[in-house]
Amino acid sequence: MTTGSRREILAGLGAGVVLTGLAARAATAPTRKIGYAIVGLGSYATRQIMPNFAGCDHARLVALVSGTPAKLDQYGADYGIPKTHRYSYAQFDRIRDNPDIDVVYVVLPNSLHAEYSIRAAQAGKHVMCEKPMAVSVAECQAMIAACKKAGTKLMIGYRSRFEPYNRLAIDLARSAHVGPTQIITADHGFPIRPDQWRLDRPLSGGGSMMDIGIYSLNAARYLTGEEPVAVSAVESTDKSDPRFRTVEDKINFLLRFPSGIVANCVSSYSSSHNGYRVSGTQGWIDMEPATSYSGQMMTIRKDGVTAPRTLPATGKTQFAGQLDHMAECIISGATPIVAGEEGLADLRIIEAIYRSAAEGRGVRIGA
């Protein structure tokens, strides 16, 4: 990562968390769309999240937070966000005084998730945070505690849980559509470009496992509906590649679940793949691509017959579904299906994966 790009990311960010213990805001009336402030105007926020507010029934974009004035001007104008609702990082805590903001969506480098989520909660705002939830179990626990103390909701951006094919795969796998699940394979990777914050450990907290590997891990968990009890992992990284000076490239990890299901998973920053397969006693359910932004494809083999499964178009993207789900939970008082505890569960396993790879032995989860 170049010095300039890192400086741009860090410019204007708050120096620390100020513990204020503010009370949560009053419940929002369902007659008004729930207002989101987007914190961090990188490509994922501007190309994937923000355009999808147009397809939401209950959520709207009302505020922006960025350390780059030009971005605030550009996207503020594009989305009709008044200057009073555009904040630098130095001004972040002023969101407490803006009643239009119900939810703060944190889309910053991983190492900043905890700080800005906690500060948002202390400002009385609900929190949506991108995955990985944070860079350690301890940070995840602090985020959950802060939102609990403030009486605000915490949801993690697991968008695939709102994608129709993935939702169907969960139902089919857990209902033993191809017989009881025996093995899951999940492979996710892409060749990463150099000079970006994800390759800088102080910002990312790790390499491919803290990024694309989340999809393999989370898929294994949501397809089984179980929590793994043990993991064995192997890392393979070419340290002569300048991209991997501080982070890992490939990690292969094996998860064992209480029912006996085994998940073989891959996380990679040097190969291109996005899919998973659920193998049961009568056949398999295949998704390729599985967790991409669009274009999911499902094939099922059952009792010797292989055929594609095609779903009708829903009219709502996984991004809009995710944004609306948080809004609906705020309106109804329900707990998000991917609350903070979901992100915490992934980080517990990721820490065990790293430990297993470093020590060259299997590790019991939570041990």
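Remember, predicted model here, so these are calculated numbers, not experimental data. (Residues numbered from 1 in each chain as written. Predicted model: local features only at pLDDT ≥ 70, side-chain atom pairs only at ≥ 80, totals over all residues. Heavy atoms only, no water.)

## Section: the overall build of the chain
Part 1 of the reasoning: A tally of regular secondary structure across the chain gives 10 helices and 15 strands.
Part 2 of the reasoning: For the chain, with 367 residues in total, the buried portion stands at 54%.
Part 3 of the reasoning: For the chain, the proportion of contacts with a sequence separation of at least 24, taken over those separated by at least 6, is 71%.
Part 4 of the reasoning: When the accessible area of the chain is evaluated, it comes to approximately 15,100 Å², of which 53% is carbon and sulfur surface.
Part 5 of the reasoning: Charged side chains in the chain number 40 positive and 34 negative. The centres of these two groups are separated by 3 Å. (Helix = DSSP H or I, 4+ residues; strand = E, 2+ residues; numbered from the N terminus. Buried < 20%, exposed > 50% of the residue type's maximum accessible area, 1.4 Å probe, protein only. Contact = heavy atoms within 4.5 Å. Areas by Shrake-Rupley, 256 points an atom, 1.4 Å probe, with all protein chains shown as cover. Lys, Arg positive; Asp, Glu negative; His and termini not counted. Charge placed at Lys NZ, Arg CZ, Asp CG, Glu CD.)

## A look at the pairing of strand β10 (residues 262-268)
Part 1 of the reasoning: In terms of burial, β10 is a largely internal element, five of the seven residues being buried.
Part 2 of the reasoning: Examined bridge by bridge, strand β7 (residues 181-189) and β10 share seven bridges and lie parallel to one another. Residue pairing in the sheet places D187 in a bridge with V266 of β10.
Part 3 of the reasoning: Where strand β9 (residues 250-256) lies against β10, six bridges are found, and the strand directions are antiparallel. Note that in β10 the partner of F253 across the bridge is C265. (Pairing = 2+ DSSP bridges.)

## Remarks on the sheet that holds β7
The strands making up a sheet associate through hydrogen bonds between their backbones, and the pairing can be parallel or antiparallel.
Part 1 of the reasoning: One open sheet accounts for nine strands, arranged β14-β13-β12-β11-β7-β10-β9-β8-β15; its pairing is mixed. A single partner strand is all that each edge strand has here, and the edge strands are β14 (305-309) and β15 (363-364).
Part 2 of the reasoning: Contacting β7, β11 (273-280), β12 (283-287), β13 (298-302) and β14, helix α6 (residues 164-174) runs over the sheet at an angle of about 20 degrees to β13.
Part 3 of the reasoning: Each of β7, β9, β10 and β11 touches helix α8 (residues 213-224); the most contacted strand, β7, lies at about 160 degrees to it. (Axes fitted to C-alpha atoms, helices over the stretch in contact; angles between N-to-C directions.)

## Let's talk about the sheet that holds strand β5 (residues 126-129)
Part 1 of the reasoning: A sheet is described by the order of its strands in space; here six strands give the open sequence β3-β2-β1-β4-β5-β6, paired in parallel fashion. Of all the strands in the sheet, just β3 (86-87) and β6 (154-156) have a single pairing partner and so form its edges.
Part 2 of the reasoning: Relative to β5, strand β4 (residues 103-106) runs parallel, the two sharing four bridges. Counterpart to V103 in the pairing with β5 is H126.
Part 3 of the reasoning: Sheet strands touched by helix α9 (residues 318-332): β1 (34-39), β2 (59-65), β4, β5 and β6. Its angle to β1, the strand with the most contacts, is close to 130 degrees.

## A word on the packing of aromatic side chains
One pair of aromatic rings is described through two measures. These are the centre distance and the angle between the planes.
Part 1 of the reasoning: If you walk through the whole model with that rule in mind, you get seven aromatic pairs.
Part 2 of the reasoning: An angle of 75 degrees between the planes, with centres 5.0 Å apart, marks the rings of F92 and Y116 as edge-to-face. In this pair, F92 sits in the loop between β3 and β4 while Y116 sits in helix α4 (residues 113-122), placing the two residues 24 residues apart along the sequence.
Part 3 of the reasoning: Judged by its relative accessible area of 0%, F92 is buried.
Part 4 of the reasoning: When its relative accessible area of 0% is taken as the criterion, Y116 is described as buried.
Part 5 of the reasoning: Members of the aromatic cluster, connected to one another through ring pairs, are Y44, Y293 and F319.
Part 6 of the reasoning: Over the ring of Y116 we find R119, and its NZ or CZ is 4.8 Å from the ring centre.
Part 7 of the reasoning: A cation over an aromatic ring shows up here: R277 above the ring of W284, its NZ or CZ 3.8 Å from the ring centre. (Phe/Tyr/Trp six-rings, centres within 6.5 Å; stacked < 30°, edge-to-face > 60°. Lys NZ or Arg CZ within 6 Å of the ring centre and 35° of its normal.)

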